[in-house]
Amino acid sequence: METSPTTKIKEERESQKGHKEDPEEGPSKISLQQKKEGESRSLTFQYDNKTHGLTCNTSQTVLDALKTNPAFTDIRKTNQEKEIVIRKNKGKGAAVNTDYPCMLLESNEILKITFIKKEENPEEQPNTSYSCPSEDLVSFNVKTKGGENVRRLMRNNALATSGVDYVCVYAFKGEKFEQALRRDKRFKEIIFGRNCELTDCDSETIHQMSENVDKHNNKNFEVNVTKYKQLQDSKDTSSKDKTTANVPSDAQEEIQVDPSQHPANTAHENTEQSTSQSGTAVKWQPIQGSEEILKLLRDQFKVLLKQLKEREKRKTPAQVRQFYREEYDKSCQSFSEVKTMKKVINLSNSVCQIRLNGSAKATGFLLFNKFILTNAHVIGFGNSKVFNPAEFKAVFGYEDLDNIGAKYVQIINLTSSFYGKDEKGNHLDYALLEFIEPRLNSVEKMSELLHHYRNNSPNNRSQICIVGHPDGKVKKMDPCFVIGRENRQEAEDQHVSENFQFFHVMTQRSLEEKWQLHKNQITYDSCFFHGSSGSPVFDADCKLIGIHTGGYVYPGGGEKTRSVMEYAYPMQPILDNIKAQARIKGNQEIIDILNGYSDEEMEIG
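Summary of the structure given here.

What counts and what doesn't
Residues numbered from 1 in each chain as written. Predicted model: local features only at pLDDT ≥ 70, side-chain atom pairs only at ≥ 80, totals over all residues. Heavy atoms only, no water. Helix = DSSP H or I, 4+ residues; strand = E, 2+ residues; numbered from the N terminus. Buried < 20%, exposed > 50% of the residue type's maximum accessible area, 1.4 Å probe, protein only. Pairing = 2+ DSSP bridges. Axes fitted to C-alpha atoms, helices over the stretch in contact; angles between N-to-C directions. Contact = heavy atoms within 4.5 Å. Core = buried A, V, L, I, M, F, W, Y, C linked by side-chain atoms within 4.5 Å. Salt bridge = Lys/Arg side-chain N within 4 Å of Asp/Glu carboxyl O.

1. Description of unusual backbone geometry
Link 1 in the chain: Positive phi is not limited to glycine here, since D48 has a value of about 55 degrees.
Link 2 in the chain: Inspection of the secondary structure assignment puts D48 in the loop between strand 2 (40–47) and strand 3 (50–57).
Link 3 in the chain: The backbone of K185 sits at a positive phi, close to 70 degrees, despite the residue not being glycine.
Link 4 in the chain: Relative to the elements of secondary structure, K185 occurs in the loop between helix 5 (177–184) and strand 9 (196–200).
Link 5 in the chain: Given the relative accessible area of 21%, K185 is considered partly exposed.

Here is the structure:
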């Protein structure tokens, strides 16, 4: 992005201010940059009564450090059908995970290596490295066997039955217990169903999964079934939480609650639930252990309110209330209105799926006459392979898996294309494809989206709608809000803070793909990823304003794709470039069509 997503990266950029680019003069690199490598540290590992020494880098994971030793490579090769267990000789002899940071290990620490039977479907930890200082990390131990009402806790039960009493879990400061335990992947999903809590083995203090880990470094915990009803935080509840909240009976056998241990009897619970459903007010009760969090939130309120007043130029409480009313009203109008949805659905008939040799490739739309607009990178821009129009087809009306109503057209020519900066400094990524189709009448009934074009610069928080074929599937639409230039940093910081466990993945991907922001980009937060490049972007008045081009995406665990933000390029510079190329080629038809459209440069807010 234009500035740093975290304090550490901000500090790094401050030290390089002399080399900082002006965002108005040229693109700035996405600010997810690696820090320098860590320091060296000596370790020792033991296996089968033999001791081996090795030197690691503190930015490495413990498994990557072990892999540098030839003896360990041979040991692992002979046990490749088993799961590795790495135990520290200190701190309860807890077993660390393979992605445990070496910076949290003491110098000359002894690691004991054993192997156990591998679980049926183990979740692999991603390859990673750590550029943050050790002060930003904490670690704590959790018993592999829970309290009296917890029958099974670990995914691989062999870990708990092999003599390993504790596992060591690391976390980033600012994270919650639940986030750290989820990333660890060694615990059964059932414990995140908001029916379990952590008990400090020394002080016997009870902690909720939603609590912050910062003050619990080097502590030991046991997982127990909660004795209290817990309020569900809708913001922190992931899709996995929702699944777990309604676990079937066979899963509930893993964690059993003894009714005699519950402080309130069943009859009382039924009465309380009935009373609540009848509309009678339920007595307010504080959440156990929430005092510290409540104080933090109250302390932050004044600062946040001050920032809001400065940013939105609101001075009085009444003006602040009015601001929130306006924002709420914005979120309830535009694309939620039936008349607007009908317009978008009608315009969506002009959206097609681009297919390469029969396979879904991207999205495009009927711009005018027999010309489809899509992205240049869709047709292989930058590859050595020459564009062959015979390999490409467009499918209009692909809205059903059975292809009912779909219309296929053959691409016959690449009329114009451009990838890179034009003479005005705008970054372009477009391709104008000409097609031919025997039943011309079926295509002519579609709207030429050029007739619905408006040279509009969307403001911050303006609502837009994208129509395309994400993931190569049937046509979909996604209403979302524009992230203005002044709010990009805030949006980036928020995304990083909410997904900090993937920070190293974002960093690696940004370096590999050389993430950049260009001055003419329209940025927003959309769920349209792969396969949606080339989708039309409409404003709240259903006017075509841009072409959806890409996003700063990265793998977010399993098969899930996450994105820092997505972007489109505005139409006017594209139309200007198409017209300029038409003049060079002497294509008077296209010149005449585009003569009615202004050459004014578009500025993005």
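Now that the structure has been shown, we can carry on.
2. Remarks on the pairing of strand 4 (residues 82–88)
Link 1 in the chain: Where burial is concerned, most of strand 4 is hidden: five out of the seven residues are buried.
Link 2 in the chain: Here strand 4 runs beside strand 6 (residues 109–117); their pairing, made up of seven bridges, is antiparallel. Its bridge partner lying in strand 6, K82 is registered against K117.
Link 3 in the chain: Bridging between strand 4 and strand 5 (residues 95–96) involves two bridges; their strand directions are antiparallel. Within the sheet, the bridge partner assigned to I86 lies in strand 5 and is V96.
Link 4 in the chain: The hairpin formed by strand 4 and strand 5 contains six residues between the paired strands, and G91 there has a positive phi angle of roughly 60 degrees.

3. Digging into the sheet that holds strand 21 (residues 522–524)
Link 1 in the chain: One closed barrel accounts for six strands, arranged 18-19-21-24-23-22; its pairing is antiparallel. Strand after strand, the sheet turns through a mean of 40 degrees between neighbouring axes, direction not considered.
Link 2 in the chain: As defined by bridge partners, strand 22 (residues 536–539) adjoins strand 23 (residues 544–555) across three bridges and the pair is classed as antiparallel. Paired with F538 across the strands is L544, a residue of strand 23.
Link 3 in the chain: Most of the contacts of helix 11 (residues 338–347) go to strand 19 (residues 476–483), to which it runs at about 115 degrees, and overall it touches strand 18 (463–468), strand 19 and strand 22.
Link 4 in the chain: The strands touched by helix 15 (residues 571–585) are strand 23 and strand 24 (561–570); relative to strand 24, the strand with the most contacts, the crossing angle is about 50 degrees.

4. A closer look at the nonpolar core
Link 1 in the chain: Residues F365, L367, L373 and I578 are the most contacted members of the largest nonpolar core, which totals 71 residues.
Link 2 in the chain: A per-element tally of this core places helix 15 first, with five residues.
Link 3 in the chain: Sequence-distant contacts of I578, defined by excluding residues within four places in its chain, comprise L367, L373, S416, Y430, L432, I590 and L594.
Link 4 in the chain: Core analysis: the second largest hydrophobic core is formed by 29 residues, V164, V169, I191 and V223 among them.

5. Description of the pattern of salt bridges
Link 1 in the chain: Scanning the model with the defined rule gives eleven salt bridges in all.
Link 2 in the chain: Here the residues in one salt-bridge network are R155, E178, R182 and E189, joined through shared partners.

Worth remembering: the numbers are spatial, not functional.
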